[in-house]
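Architecture at a glance
For reference, the chains in residue letters:
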Amino acid sequence: SPNWKELLGHDVSEVEGKSFESFIHPDDLILCRNVLNRAVVSGENQSGIEYRVQHKNGSWQWHTSNASVIRDPEGGIVALLGIARNITDRKHNERELILLNRAINQSSDAVFLINEQLTFAYVNDAACRSLGYTREELLTMSPSDIDAVITYDAAKEIMSKQFASGSFPRFETRHKTHDGRIFPVEISSSVVEYDGAKFSLTTVRDITERKQAEEALRESEERYRLLVNLSPDAIAIHSQWRIVFVNPAMVRISGAKNESDLIGRPVLDSVHPDFRESVKQRIEKMQSTGESIPFVEEKFLRLDGSAIHVEVAAVPYNYQGVQFVQVVTRDITARKHHEREREAIITVSNALRKATTRGGIFTVILDQLIGLFDADGAMLAMPLSTNNGTFIEAGRGAIGEKFTGLHIPHGEGVSGWVIENRKPYLNNSADQDAIFYRPDLLGDSHCVAAVPLIAQEQAIGALWIACTDSITERDVLLLNAIADIAANAIHRITLHEQTEQQLHHLTALHQIDIAISSNFDSNVTLNVILNYVKNELEVDAASILLLNPVTHDLDYAAGIGFKTRNIEKSHVKFGNEYAGRAAQEYRTVSCPDLRLVHGTFGRSTLLADEEFAAHYATPLVVKGQVKGVLELFHRKTFEPEAEWMSYFETLATQAAIAIENASLLENLQRSNMELMLAYDATIEGWSRALDLRDRETEGHTQRVTDMALKLAEKMGMSEAEKMDLRRGSLLHDIGKMGVPDSILHKPGPLSEDEINIMRQHPSYAYQMLFPISYLKHALEISYCHHEKWDGSGYPRGLKGEEIPLSARLFAVVDVFDALTSDRPYRKAWPLNDVYRYIKEQSGKHFDPQIVKIFLESRPG
């Protein structure tokens, strides 16, 4: 028909004669063929066929057709009549509705279409799922049926306002499910019109999770605020470099009265100037990068201007387009103090380990105090003897040097108070304290702290510092900790030095004992003792005065350390001066400061020339008797400890023993000498008696004695050996006292029996002299001088070196004198014959070595 042009853009002429199928979409061909085939086969009309036909412009149009069969009169099929209508717009609308419905049904939100009669005209799948109703059930219900809050009248009013205005604000309510569960929802709606009717397109969103999250967030915020307010760390929030929030801890740490003192203040005002620039750079970097700042150490400036050590961390964040920084500040002042104390204690301990002397320990401790407290002075005070005050033994720094050596009287000064009470002292205006001794030495350093040095539960001293700036209680705690370490170190080194000193004293006493026992000269012994006394007691000079038993004066005996010889003129009357009083009263008498006494020391010249300032004297007592006095002199005032005095008196006892030993030794030597002279006189008497009995050998004993001593000198014998040789030579024929006169004085030759008797005289000598120990070595000659080198002698037939050396020596000179002397039975031999004989007897009668020495000397 002509309207092909209208529907598909073709003229009739352009389509006549062409196959209808050439215009149908390939995907719809089978459908169309099937419809046509059914019409042909069944002969019935086919209606409602929908298919796509191509427009002349190439687009595809949706058509719906009715196919009718045209028959001839005989009933045969002539043609098919198709009547088509363009339904492209309708198909598009249907497609959009399908897509919309599918989208609505796939939505997680419930969608309702509510008509003006307040019933649901449409619900999606999500509405059915959320409420637990079927679609059919919901399409018979109204909004108030599913709402747990809104009534029918309220719903009607809402819908009226919506239909009137075309919209209604979003609001929240609660829906109830088929099984009665109630849950929160958020409703948004708009008005749509269709076929002249108005509908409310309502979207319902289940906000259960959001509400739970909001509740959780609210609770979290409450917990956060509670934690922030209870946090021991100071928390502040600042924006654009000014504080907008602070917690109570920040109020406390800053020293503010309340939050308003801090809100609005520049954040950098609370940063110490030393850290301000670095903090500013960190914050700027954090704001640009968004990275948090971990905890770093800084100094926080309080509102009163004081600074404390803190750790600070910062976190940046954005809220509603505004950049904020949350800062957490942690006060670490106590920790820093602990670290400082620990480092100080470690430093002091390490330094003390290197100190090996008491003075070294003092120096280490005081130097450490100066550095740790930035002090102007550090001092160490030690107590003097009972009720005699304290003494500043060491000091460092400008103030310490002023106080060093200062003697503080008993009852005055903070050092004595601290030692006595064993409590610390702190006063930042010590110059105003009446107890402080010599405040004029402090200058501007009027802040003073002192603590006791306690070791083994005893206060052994006091440690104190003086500063220009205030000293805190915390500083006192640190000073006290160092004092504990120092006290133990001082006590340890003191014990060590005392042990060493005692060992040194014992060694000195031992050396004095050796000097006393090994030296027979009293002057040498006294000088040795005085040398030890001077060195061990560390005095300038020492002297010993000995008591004269006749004049009762104490006379100079020995001295050391004196510049002049005036001490040698000392003659102190018993009971006069300190030395005389010491001897009279049997006790040590001392004067620590001679400048304080006048007229009590008689030897004024000695004091003037020697410039002595202190004098000590103790008696030298042995067995209850005073032997003298040991005097000590010092050119400085000197007040020793009890241990020093005890050692002084011990050395005096050693000196007294030495003097007594020297006296006893001198008497013993005198007695021994007298005894030796008596022995020798007796021996010489015996020798003369022998010569008188045997007149034929008169002078023989003295001659052989002289020759024996000369030969002994050639042989290198000692004086003791020569002394025994002399005595043996004088007594060599003492045994003849036992030979009868008839045999001894017989003018002619002796018979064999008489010879045997005569040969017994060495044995007689042994029997006579052996009991006398004094003549033990002298006995060798009288007993063995007739023994021969070859063993043919008598009385024992000794051979070679079995014969004592003195007897072998004497045998040579005895035979020499006998052959060179006239005898009743023969004349003396010529010397050459005698020498020849003795040489011939070498190795037979005589020792060859002795003969050689004898012949080389050619005596007589």
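In what follows, the accompanying structure is described. (Residues numbered from 1 in each chain as written. Predicted model: local features only at pLDDT ≥ 70, side-chain atom pairs only at ≥ 80, totals over all residues. Heavy atoms only, no water.)

Some details on the overall build of the chain
The condition that has to hold: Note on conventions: DSSP H or I runs of at least 4 residues are helices, E runs of at least 2 residues are strands, and numbering of each starts at the N terminus. Computation of the radius of gyration draws on C-alpha atoms alone. For the globule rule, the value is 2.2 Å times the number of residues to the power 0.38. Only protein chains enter the calculation, and the probe is 1.4 Å; a residue is then buried if its accessible area is under 20% of its type maximum, exposed if over 50%, and partly exposed in between. Note on contacts: a residue pair is in contact if any heavy atoms of the two residues lie within 4.5 Å. Here the Shrake-Rupley method, with its probe set to 1.4 Å, supplies the accessible areas, and only the displayed protein chains count as covering residues. Here Asp and Glu are counted as negative and Lys and Arg as positive; His is not counted, and neither are the chain ends. By convention, the point assigned to a charge is CZ for Arg, NZ for Lys, CD for Glu and CG for Asp.
Looking only at helices and strands, one finds 29 helices and 25 strands in the chain. Here the C-alpha atoms of the chain give a radius of gyration of 69 Å, more than 25% beyond the 29 Å that 2.2 N^0.38 yields for 860 residues. Based on the C-alpha atoms only, the size of the chain along its principal axes is roughly 225 × 85 × 50 Å. Each of the 860 residues in the chain was classed as buried or not, and the buried ones make up 40%. Residue pairs in contact within the chain that sit at least 24 positions apart in sequence constitute 52% of those at least 6 positions apart. Within the structure as shown, the chain displays about 46,800 Å² of accessible surface, and the carbon and sulfur contribution to it stands at 51%. Averaging the coordinates of the 91 positive side-chain charges in the chain and doing the same for the 119 negative ones gives two points 3 Å apart.

Details of the environment of Glu-214
By the secondary structure assignment, Glu-214 is in helix H9 (residues 208–230). The sequence separation of Glu-214 and Leu-139 amounts to 75 residues, and the corresponding C-alpha distance is 34 Å.

A short note on the packing of helix H21 (residues 700–715) against helix H27 (residues 805–819)
Selection rule: Fitted lines through C-alpha atoms give the axes, limited to the stretch in contact for helices. The angle between two N-to-C directions lies from 0 to 180 degrees. In these notes the angle categories are as follows: under 35 degrees is roughly parallel, over 145 is roughly antiparallel, 65 to 115 is roughly perpendicular, and the rest is oblique. Here a crossing is called left-handed whenever its near helix is offset anticlockwise from the far helix by less than a right angle, and right-handed whenever the offset is clockwise. Ten residue types, Ala, Val, Leu, Ile, Met, Phe, Trp, Tyr, Cys and Pro, are classed as nonpolar, four, Asp, Glu, Lys and Arg, as charged, and the remainder, Gly among them, as polar.
With their axes 9 Å apart at the nearest point, H21 and H27 run at an angle of 130° to one another. With respect to H27, the element H21 is oriented oblique. Considering the relative orientation of H21 and H27, their crossing is right-handed. Where H21 approaches H27, its residues His-700, Arg-703, Val-704, Met-707, Ala-708, Leu-711, Ala-712 and Met-715 are matched on the opposing element by Leu-805, Leu-809, Phe-810, Val-813, Asp-814, Phe-816 and Asp-817. Looking at side-chain class alone, the contact of H21 with H27 contains 11 nonpolar, 1 polar and 3 charged residues.

As for the pattern of salt bridges
The following threshold applies: For this analysis, a salt bridge means a side-chain nitrogen from Lys or Arg found within 4 Å of a carboxyl oxygen belonging to Asp or Glu.
Summed over the entire model, instances satisfying the criterion amount to 36 salt bridges. For Arg-205, the salt bridge goes to Asp-109, with nearest N and O atoms at 2.7 Å. Placement of Arg-205 in strand S8 (residues 197–206) and of Asp-109 in the loop between helix H4 (88–106) and strand S4 (110–115) is noted, with a sequence separation of 96 residues between them. For Asp-367, the salt bridge is made with Arg-396, and the minimal N-O distance between the two is 2.7 Å. In this pair, Asp-367 is assigned in helix H13 (residues 358–373) and Arg-396 in strand S15 (residues 390–396), connecting sequence segments 29 residues apart. Take Asp-367: its relative accessible area is 35%, and that puts it in the partly exposed class. When its relative accessible area of 32% is taken as the criterion, Arg-396 is described as partly exposed.

Brief notes about the pairing of S8
Formally: Only strands that DSSP links by at least two bridges are regarded as paired with each other.
Taken together, the 6 bridges between S4 and S8 define a ladder with antiparallel strand orientation. Residue pairing in the sheet places Leu-113 in a bridge with Leu-201 of S8. Relative to S8, strand S7 (residues 182–194) runs antiparallel, the two being bridged by 10 bridges. In the strand pairing of S8, Ser-188 is matched with Thr-203. Between the antiparallel neighbours S7 and S8 lie 2 residues, among them Asp-195 with a positive phi of about 55°.

Examining the packing of aromatic side chains
Given two aromatic rings, their pairing is described by the distance between the two centres and the angle made by the two planes. Worth spelling out the cut-off: We call Phe, Tyr and Trp rings a pair once their centres come within 6.5 Å, taking the six-membered ring for Trp, and we label the pair stacked below 30 degrees between planes, edge-to-face above 60, and tilted otherwise.
Going through the model one piece at a time under the given rule, you end up with 19 aromatic pairs. Measuring from centroid to centroid gives 5.6 Å for Tyr-317 and Phe-324, while their planes differ by 20°, and the two rings are stacked. You can call Tyr-317 partly exposed: its relative accessible area is 31%. What makes Phe-324 buried here is its relative accessible area of 16%.

Topic: the sheet that holds S15
Spatially, the 6 strands line up as an open sheet ordered S16-S15-S14-S19-S18-S17, and their pairing is antiparallel. Each edge of the open sheet is held by one strand with a lone partner, namely strand S16 (407–408) and strand S17 (425–427). Sheet analysis places S15 next to S16, joined by 2 bridges and oriented antiparallel. For Phe-391, the partnering residue across the bridge sits in S16 and is His-407. Lying on the sheet, H13 is in contact with strand S14 (377–383), S15 and strand S19 (458–467); it crosses S15 at an angle near 65°.

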